[in-house]
Amino acid sequence: MSAPERIPARRVSGDRDLLALGELHVEGQIREASNAVLVCTVTHEGREARCVYKPVRGERPLWDFPDGNLARREVAAYEVSEVLGWGLVPPTVLRDGPYGEGMVQLWIDGPDDEAVGPELLALVDREEPEEGWKAIGFAEVGEGRTALLVHADDARLRRLSVLDAVINNGDRKGGHLLVDAEGRLFGIDHGVTFNSEDKLRTLLWGWAGEPLTEEATGALEALRVALGEGEPLAARLGELITPAELEAVRERVAGLLKTGRHREPGGDWPAIPWPPV
């Protein structure tokens, strides 16, 4: 029997059968993660891919999120990203696995050393960012010194900042940004999202208060329609998050369209996650 064909991300995107129906084989565990994260291969009808499997039973209880619900939020983030049309979240499904129900997400391979894309985050010894960069804030770097934390003025990051505002991402760190071998940006780790209370914490504040792009406004308008009662996306999200959280998504989308501007920090919730990377 010939070896299964390994499927790159671009061929799996839009077709989740491999992730949803394939047989999962656990290869190892990412022990640095807060919750159980298992690295697997998934095989189905002669195809194979590497993926991440996060079983519900391995989730750490959180006071502000229902127990056993983080995996569903990861899938909900993927569903919203797909409707926005930006493909910012790797293909993600909810299914049974070797350790029960969990989230299964396509593994994203990074670029080869000789093909590494532009840097997205940096610490610089400056008061203001250089051209092509956006300021996040000052960070302590030891011995009483501070440096300016910046992110790239990058269209991919700008789209991701809009997605995060929609899903109310409470933990957008630098380590949750992945770039594949073709230069496409992905955001991962979306378990603490969709809370009905404002919990947006992100590094991507560089466009705060600036007008949304025409592209973003069009994507948000399409999402607003897809969130209407009886629409497939609304029905799907209704299976993944609570009714109050679904209504909060609608309100956040409506708010962005009304102001026409990127979200700004506000409220008592810390604006930047810690640690930021």
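One can find the structure itself at the top, above this paragraph.
Overview of the structure. Everything numeric in this text was worked out from a predicted model, so none of it was measured. Counting starts from 1 at the beginning of each chain's written sequence and moves along it residue by residue. Side-chain atom pairs in this predicted model are given and counted only at pLDDT of 80 or more, local residue features only at pLDDT of at least 70, and totals for whole chains, interfaces and linings cover all residues. As a convention, hydrogens and water are excluded, and side-chain values are obtained from all of the structure's heavy atoms.

1. Some details on the overall build of the protein chain
Inference 1: Looking only at helices and strands, one finds seven helices and eleven strands in the protein chain.
Inference 2: Within the protein chain, residue pairs in contact and separated by at least 24 positions form 65% of the contacts whose partners lie at least 6 positions apart.
Inference 3: Accessible surface computed for the protein chain: about 13,900 Å², of which carbon and sulfur atoms make up 48%. Where helices and strands are cited, they refer to DSSP runs of H or I of at least four residues and of E of at least two residues respectively, numbered from the N terminus. In what follows, residue pairs with any heavy atoms lying within 4.5 Å of each other are defined as contacts. Calculation of accessible area relied on Shrake-Rupley with a 1.4 Å probe; when residues are assessed, cover is drawn exclusively from the protein chains displayed.

2. Comments concerning the packing of aromatic side chains
Note on aromatic pairs: each is described by the distance of the centres and the angle between the planes.
Inference 1: Ring pairs are drawn from Phe, Tyr and Trp, using the six-membered ring of Trp, whenever the two centres fall within 6.5 Å, and their geometry is named by plane angle: stacked under 30 degrees, edge-to-face over 60, tilted for the rest. Under the counting rule described, the total for this entry stands at zero aromatic pairs.
Inference 2: The criterion is that NZ of a Lys, or CZ of an Arg, lies within 6 Å of the ring centre and within 35 degrees of the ring normal, and then a charge sits over that ring. One cation-aromatic arrangement involves Arg50 over Trp107; the distance from NZ or CZ to the ring centre is 5.5 Å.

3. What about the side chain of Arg156?
Inference 1: Positionally, Arg156 belongs in helix 4 (residues 155-167).
Inference 2: Exposure is judged per residue with a 1.4 Å probe applied to protein chains only, and the accessible area is read against the type maximum: over 50% gives exposed, under 20% gives buried, and values in between give partly exposed. The class of Arg156 is buried, set by a relative accessible area of 16%.
Inference 3: N or O atoms closer than or at 3.5 Å make up a polar contact, with two conditions inside protein: a donor-capable atom paired with an acceptor-capable one, and, for residues adjacent in sequence, both atoms drawn from side chains. Among the polar contacts listed, one links the side chain of Arg156 to the backbone oxygen of Gly183, at a separation of 2.6 Å.

4. Structural notes on helix 3 (residues 70-84)
Inference 1: The terminal C-alpha atoms of helix 3, which comprises 15 residues, lie 21 Å apart, in line with the 21 Å expected from a rise of 1.5 Å per residue.
Inference 2: The element helix 3 is largely enclosed, with a buried count of twelve among its 15 residues.
Inference 3: The set of residues buried in helix 3 consists of Leu70, Ala71, Arg73, Glu74, Val75, Ala76, Ala77, Tyr78, Glu79, Val80, Ser81 and Leu84.
Inference 4: One or two residues past the end of helix 3 sits Gly85, with phi positive at roughly 90°. Expected span of a helix, by definition, is 1.5 Å for each gap between consecutive residues, and there is one gap fewer than residues.

5. Focus: unusual backbone geometry
Inference 1: One non-glycine residue, Asn168, adopts positive backbone phi at about 60°.
Inference 2: At Asp189, a position not held by glycine, the phi torsion is positive, near 65°.

6. With respect to the nonpolar core
Inference 1: Think of a nonpolar core as a cluster: buried Ala, Val, Leu, Ile, Met, Phe, Trp, Tyr and Cys residues, connected wherever their side-chain atoms sit within 4.5 Å. Core analysis: the biggest nonpolar cluster contains 47 residues, and Val80 and Val166 have the highest contact counts within it.
Inference 2: Contributions of two or more residues to this core are made by helix 3, strand 9 (145-152), helix 4, helix 5 (214-226), helix 6 (232-238) and helix 7 (243-259).
Inference 3: Excluding anything up to four places from it in sequence, Val80 contacts Leu163, Val166, Ile167, Phe194, Leu223, Leu233 and Leu237.
Inference 4: Counting twelve residues, the second-largest nonpolar core is a separate cluster that includes Leu24, Val42, Val93 and Val104.

7. Side note on the packing of helix 4 against helix 5
Inference 1: Here, axes are lines fitted to C-alpha atoms. For helices the fit covers the stretch in contact, and angles between N-to-C directions go from 0 to 180 degrees. At a minimum axis separation of 11 Å, helix 4 and helix 5 run at an interaxial angle of 30°. Crossing of helix 4 against helix 5: the hand is right-handed. Of the residues in helix 5, those touching helix 4 at Arg159, Val162 and Val166 are Glu215, Ala216, Leu220 and Leu223.
Inference 2: Of the residues contributing to the contact of helix 4 with helix 5, the split by class is five nonpolar, no polar and two charged. For any helix crossing, the convention is left-handed if the near helix is rotated counterclockwise from the far helix by under a right angle, and right-handed if that rotation is clockwise. Under the convention adopted here, Pro, Cys and the residues Ala, Val, Leu, Ile, Met, Phe, Trp and Tyr are nonpolar, Asp, Glu, Lys and Arg are charged, and Gly plus all remaining residues are polar.

8. Remarks on the side chain of Arg95
Inference 1: Relative to the helices and strands, Arg95 resides in strand 5 (residues 92-97).
Inference 2: Note on charges: Lys and Arg go in the positive column, Asp and Glu in the negative column, and His and the chain ends are not counted at all. Here, a salt bridge means any side-chain nitrogen of Lys or Arg that lies within 4 Å of a carboxyl oxygen of Asp or Glu. Buried charged residue Arg95 carries no salt bridge. Nearest counter-charge: Asp96, at 7.4 Å.
Inference 3: For Arg95, the side chain forms a polar contact with the main-chain oxygen of Gly22, separated by 2.6 Å.

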